[in-house]
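Spelled out, the chains give:
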Amino acid sequence: MRIDILTLFPDMCNTVMSESIIGRARQANKVEINCVDIRDYTLDKHRRVDDKPYGGGMGMVMTAQPIFDCFQSLCREIGARPHFIYLTPQGKTLTQTRVKELAKLDNIALLCGHYEGIDERVIEALKPEEISVGDYVLTGGELPALIVADAVSRMLPGVLSDDACFEEESHFNALLEYPQYTHPSVWQDREVPEVLLSGHHANVDKWRREQSLKRTYERRPDLLNHAELSDFDLAFLSKLKKE
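A brief look at the structure comes next.

## A short note on the packing of helix H8 (residues 201–219) against helix H9 (residues 231–242)
Two numbers describe a pair of packed helices, the interaxial angle and the distance between the axes.
Logical step 1: Across the interface, H8 lies against H9 with an axial gap of 10 Å and an inter-helix angle of 50°. On the basis of their axis angle, the class for H8 and H9 is oblique. In this structure, H8 meets H9 at a crossing whose hand is right-handed. Every residue of H9 that contacts H8 at Lys-206, Arg-209, Glu-210, Leu-213, Lys-214 and Tyr-217 is listed here: Phe-232, Asp-233, Phe-236, Leu-237, Leu-240 and Lys-241.
Logical step 2: Here the residues of the contact of H8 with H9 are counted per class, giving six nonpolar, no polar and six charged.

## What to know about the sheet that holds strand S7 (residues 129–132)
Adjacent strands of a sheet form backbone hydrogen bonds with each other and so pair up, either parallel or antiparallel.
Logical step 1: In space, the five strands of this open sheet follow the order S2-S1-S6-S5-S7, with parallel pairing throughout. Of all strands in the sheet, those with a lone pairing partner are strand S2 (32–37) and S7, marking the two edges. When strand polarity is set aside, the average angle formed by the axes of neighbouring strands in this sheet is 30°.
Logical step 2: Where strand S5 (residues 83–93) and strand S6 (residues 107–112) come together, five bridges link them in parallel fashion. Paired with Phe-84 across the strands is Ala-109, a residue of S6.
Logical step 3: Strands in contact with helix H3 (residues 64–78) are strand S1 (2–7), S2, S5 and S6; relative to S1, the strand with the most contacts, it is inclined by about 160°.

## Focus on the side chain of Glu-142
Logical step 1: Summarising the element assignment, Glu-142 is placed in helix H6 (residues 142–153).
Logical step 2: Look at Glu-142: it is buried, it has no salt bridge, and the nearest opposite charge is Arg-39 at 9.1 Å.
Logical step 3: The contacts of Glu-142, once residues within four sequence positions are left out, are Thr-7, Leu-8, Phe-9, Met-12, Cys-13, Cys-112, Gly-113 and His-114.

## A closer look at the layout of surface pockets
Logical step 1: The volume enclosed by the second largest pocket comes to roughly 460 Å³.
Logical step 2: Contributing to the lining of the second largest pocket are 25 residues, with Tyr-86, Leu-87, Thr-88, Pro-89 and Gly-117 lying nearest its centre.
Logical step 3: For the lining of the second largest pocket, the secondary structure elements donating two or more residues are S5, helix H5 (120–126) and S7.
Logical step 4: With five residues, S5 is the largest single contributor of residues to the lining of the second largest pocket.
Logical step 5: Residue composition of the lining of the second largest pocket, by class: 12 nonpolar, 10 polar and three charged.

## Focus on the pattern of salt bridges
Logical step 1: Inspection of the entire model under this criterion finds 13 salt bridges.
Logical step 2: Among the ionic pairs, Asp-4 bridges to Arg-2, the shortest N-O distance being 2.7 Å. A single burial state applies to Asp-4 and to Arg-2, both of which are buried.
Logical step 3: As a salt-bridge pair, Asp-119 and Arg-121 come within 2.6 Å of each other at their nearest N and O atoms.
Logical step 4: Owing to a relative accessible area of 15%, Asp-119 belongs among the buried residues under this scheme.
Logical step 5: Overlapping salt bridges, with partners in common, bring together Arg-2, Asp-4, Glu-32 and Glu-77 in one network.

What counts and what doesn't
- Residues numbered from 1 in each chain as written.
- Predicted model: local features only at pLDDT ≥ 70, side-chain atom pairs only at ≥ 80, totals over all residues.
- Heavy atoms only, no water.
- Axes fitted to C-alpha atoms, helices over the stretch in contact; angles between N-to-C directions.
- Helix = DSSP H or I, 4+ residues; strand = E, 2+ residues; numbered from the N terminus.
- Parallel < 35°, antiparallel > 145°, perpendicular 65-115°, else oblique.
- Left-handed = near helix turned anticlockwise from the far one by under 90°.
- Contact = heavy atoms within 4.5 Å.
- Nonpolar A, V, L, I, M, F, W, Y, C, P; charged D, E, K, R; others polar.
- Pairing = 2+ DSSP bridges.
- Buried < 20%, exposed > 50% of the residue type's maximum accessible area, 1.4 Å probe, protein only.
- Lys, Arg positive; Asp, Glu negative; His and termini not counted.
- Salt bridge = Lys/Arg side-chain N within 4 Å of Asp/Glu carboxyl O.
- 1 Å grid on protein atoms, 1.4 Å probe; cavity = no way out; pocket = protein on both sides within 12 Å on 5 of 7 lines; lining within 4 Å.
- Points joined across faces, edges and corners; volume = space filled by probe spheres on them.

Set out below in structure tokens:
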């Protein structure tokens, strides 16, 4: 997969995407991530990419021309139109389901807005999918774009050591993850649950499933509406509701 991040701060994005699991995946050619500087496409001799908003108001607005030309150049380079995403608080909230869908694509381009946003006309012209990472405001779209790039990349074959690395994580199957423990077995008089020390894999799996269901029921019951639940799961949840 190829992911292009269209941004005013390519160094910032490249630094984050060069670390840890994603950095190693890039080095191993499991995913290609490019950080493209929108300023390289402005026609302004001072490399300006923003101007005052029509109608007045605070802040500046990113102009349409550099964004449009940057995306068109990318399309020519790839030889096709990548799936285009604009990171904005006005978009649909990102979910793990959407991440899994995006991970099946060949090319994704992520547009990072900044200042007070971007000229509406370039949105109308390019018609990107609009995605939000939550109901709060950030300085720019770089952090949301990095979230999308990270979430999608780790779903790709070979990025993680085993599919189980992400299949048991929170939200993958619309459930929160079970509690995790490591050495020592006793810390500040708190003991690791005995079942995890038993070596009985079936009992461990049962405990983890129950804990996952319990956490989801207590903390994010809304997720249960989207989870695939077995008869065992339903019986366990019914027992929780009665307690």
